[in-house]
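For reference, the chains in residue letters:
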Amino acid sequence: MEPHVPPTEPTPTAIATDGPILAPRGLAGVVVTDTEVGDVRGDEGFYHYRGHSAVDLARSRGLEDVWALMVDGELPADEERRREFRHEVRARRSLPAAVRSVLPHLAGAGSTLDGLRTALSLVGQEEHMRPLLDTPEPRRRDDALRLAAVTPTIVAALHRTALGEPPVEPRGDLAPGADLLWMLTGEEPDPEAARALETYMVTTVDHGFNASTFTARVVASTGADVAGCVVAAVAALSGPLHGGAPSRALDLLDAIPADGSDDDVDDAIRSRLERGERLMGFGHAVYRTDDPRSVLLREIAAELGRRSDEASAGVAHARRVESRAVALLAAHRPGRELRTNVEFYAGVVMDLCGVPRSMFTPVFASSRAIGWTANVLEQARDPKIIRPSARYTGPAAPRPVPPLAG
Ligand code: ACO
């Protein structure tokens, strides 16, 4: 679809002549800025990070290499540069003492994402993060690395605290996927599960101008500190239409009888659609073909499914629900191409890796924090505040202010 506005700011002349530009609902298809971080080509089912296919990166590189690409602009060229970056980020994983002390309160008070939001805000204060506007680039980068590095530690610590278990310290000898499993369980991570989890994490580092990334960039455009940008992004991600779907997608699989007939599966799906419900893990704002993340994760789920009969049955059930749901969605919304999105198989893969359901979206946040911060660093180089307008549709103004009755 052609963008409705040019990528550059409209000139004052254009505004004076044509009046305000009315953007479509949800800003769909509107190009609001230039970026070098990455892009999504919805019609092709392709997305990339700084020009590299994200799926190729997920198949061939670890999360820390991709992190270096996102923040510094290039993949580590050699083992030495890789080690340096790895050291930088692993050294930033520990919880600040202030966060540690409030964990019991945060873990008992709401969801893990709620706790993460508050904890990241506290990290920003404890680390004296200053507004981006007043901060030189190297310090912005430090803040960005710190926040993204500590996010998995926070979510794992919140999870364990909620279970009444002590947090497990991050380990410098472990790659991010393995370290996250270690911090969640306190057990030596299974290498295949750790690799699968890290592959998933690479696939979710960035994805165009999704709601949480846009939110982070709006806050960054005000010159606020990096922690504020990431906290706002976490809030945006917490919405079920954005990041809250993988556990709901798995709930959908649980609610459909795995040992039932195809008709039973159809009935379960159809009744949801007839009630006007959305099938979680299906549809996408941008993809009009297969979501490439879903394609990769389906493959990984199949590999993990070979590990046991139970895993194999779970993956087969997911495949059957997927195929029936896609067929019924096609009949329900002809021409919309509603297929599985990243979250459908994300839930299946994380479940097979031993990640508890309540941690699905927090794990997503842990990898997406890298993308958010890369976007924040880029936005911070543009001094223009993001400040659109709204069309007023309330009572005609000005209205007289009535006196208070009585
Ligand atoms: N189940 C049933 N109907 C759907 C679904 C679905 N999963 N997805 C879209 N539709 C319907 C919409 O209701 C819409 O109908 P309408 O025109 O009568 O309002 C129609 O299909 C077209 O919707 P789209 O324009 O294709 O989708 P939109 O951009 O509005 O929303 C979204 C995209 C939010 C992802 C939607 O597909 C959805 O709600 N999916 C379920 C939730 C989900 O899986 N979220 C995770 C997304 S991935 C991520 O954020 C990382």
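Check the entry above for the structure.
Report follows, based on the coordinates. Just so it is clear, the model here is predicted, and its values are computed rather than measured.

Thresholds applied
Residues numbered from 1 in each chain as written. Predicted model: local features only at pLDDT ≥ 70, side-chain atom pairs only at ≥ 80, totals over all residues. Heavy atoms only, no water. 1 Å grid on protein atoms, 1.4 Å probe; cavity = no way out; pocket = protein on both sides within 12 Å on 5 of 7 lines; lining within 4 Å. Points joined across faces, edges and corners; volume = space filled by probe spheres on them. Helix = DSSP H or I, 4+ residues; strand = E, 2+ residues; numbered from the N terminus. Nonpolar A, V, L, I, M, F, W, Y, C, P; charged D, E, K, R; others polar. Near = heavy atom within 4 Å. Polar contact = N/O pair within 3.5 Å; in protein donor to acceptor, adjacent residues only side chain to side chain. Areas by Shrake-Rupley, 256 points an atom, 1.4 Å probe, with all protein chains shown as cover. Phe/Tyr/Trp six-rings, centres within 6.5 Å; stacked < 30°, edge-to-face > 60°. Buried < 20%, exposed > 50% of the residue type's maximum accessible area, 1.4 Å probe, protein only. Lys NZ or Arg CZ within 6 Å of the ring centre and 35° of its normal. Axes fitted to C-alpha atoms, helices over the stretch in contact; angles between N-to-C directions. Parallel < 35°, antiparallel > 145°, perpendicular 65-115°, else oblique. Contact = heavy atoms within 4.5 Å. Core = buried A, V, L, I, M, F, W, Y, C linked by side-chain atoms within 4.5 Å. Pairing = 2+ DSSP bridges. Expected span 1.5 Å × (residues − 1). Arc of directions from axis to C-beta.

Describing empty space enclosed by the protein
Step number 1: Evaluation of the coordinates by the stated rule reveals four cavities of 30 Å³ or more.
Step number 2: The calculated volume of the largest cavity comes to roughly 110 Å³.
Step number 3: As for the largest cavity, its lining consists of 14 residues, of which Trp 67, Arg 93, Ala 149, Pro 152 and Pro 176 are closest to the centre.
Step number 4: Taken together, the elements giving at least two residues each to the lining of the largest cavity come down to α3 (63-72), α7 (137-162), α8 (176-185) and α17 (360-380).
Step number 5: A total of four residues in the lining of the largest cavity trace back to one element, the largest contributor, which is α8.
Step number 6: When grouped by side-chain class, the residues that make up the lining of the largest cavity number ten nonpolar, one polar and three charged.

Considerations on the site of the ligand
Step number 1: The environment of the ligand is formed by 23 residues, the closest being His 242, Leu 279, Gly 281, Phe 282 and Arg 336.
Step number 2: A distance of 2.7 Å is found between a nitrogen atom of the ligand and a backbone nitrogen or oxygen belonging to Leu 279.
Step number 3: In this structure, an oxygen atom belonging to the ligand sits 2.8 Å away from a main-chain N or O atom of Gly 281.
Step number 4: Contact with the protein chains covers 76% of the free accessible surface of the ligand, which is 920 Å².

So, the packing of aromatic side chains
Step number 1: Going through the model one piece at a time under the given rule, you end up with five aromatic pairs.
Step number 2: Considering the side-chain rings of Tyr 47 and Tyr 49, the 5.8 Å spacing of their centres and the 75 degrees angle between planes classify their relative orientation as edge-to-face. Taken individually, Tyr 47 and Tyr 49 each receive the classification buried, so the pair is uniform in this respect.
Step number 3: Among the aromatic residues, ring-to-ring pairing joins Phe 282, Phe 344 and Tyr 345 into one connected group.
Step number 4: In this arrangement the basic side chain of Arg 171 is found over the ring face of Trp 182, its NZ or CZ atom lying 4.7 Å from the centre.
Step number 5: A cation sits over an aromatic face here: Arg 293 above Tyr 47, 5.8 Å from the ring centre.

A look at the packing of helix α9 (residues 191-203) against helix α14 (residues 292-305)
Step number 1: Closest axis-to-axis distance for the α9/α14 pair is 10 Å, and the angle between their directions is 175 degrees. For the element pair α9 / α14, the angle class is roughly antiparallel. Here α9 contributes Glu 192, Ala 196, Thr 199, Tyr 200 and Thr 203 to the contact with α14, which in turn contributes Arg 293, Leu 296, Leu 297, Ile 300, Glu 303 and Leu 304.
Step number 2: Tallied by class, residues from the contact of α9 with α14 come to six nonpolar, two polar and three charged.

Looking at the nonpolar core
Step number 1: Tyr 49, Leu 197 and Val 355 are the most contacted members of the largest nonpolar core, which totals 111 residues.
Step number 2: Once you skip the residues sitting within four places of it in the chain, Tyr 49 turns out to touch Val 37, Gly 38, Ala 54, Leu 57, Val 66, Leu 69, Met 70, Val 202, Thr 203, Thr 204, Val 205 and Asp 206.

A few points about the pairing of strand β1 (residues 38-41)
Sheet faces and side chains relate simply in a regular strand, where the side chains alternate between the two faces.
Step number 1: With burial as the criterion, only one face of β1 is covered, namely that bearing Gly 38 and Val 40; the residues Asp 39 and Arg 41 on the opposite face remain uncovered.
Step number 2: Sheet analysis places β1 next to strand β2 (residues 46-49), joined by four bridges and oriented antiparallel. Paired with Arg 41 across the two strands is Phe 46, which belongs to β2.
Step number 3: The antiparallel hairpin formed by β1 and β2 contains four residues in its connecting segment, where Gly 45 sits at a positive phi of about 65 degrees.

Re helix α13 (residues 262-274)
Step number 1: Its 13 residues place the ends of α13 18 Å apart at the C-alpha level, agreeing with the 18 Å of an ideal helix rising 1.5 Å per residue.
Step number 2: For α13, every residue scored as buried is listed here: Val 265, Asp 266, Ala 268, Ile 269, Arg 272 and Leu 273. Take α13 and look down its axis: the buried residues cluster within an arc of 165 degrees, on one side only. Exposed side of α13, more than 90 degrees from the buried face: Asp 263 and Glu 274 are the residues found there.
Step number 3: At the C-terminal side of α13, Gly 276 shows a positive phi close to 80 degrees.

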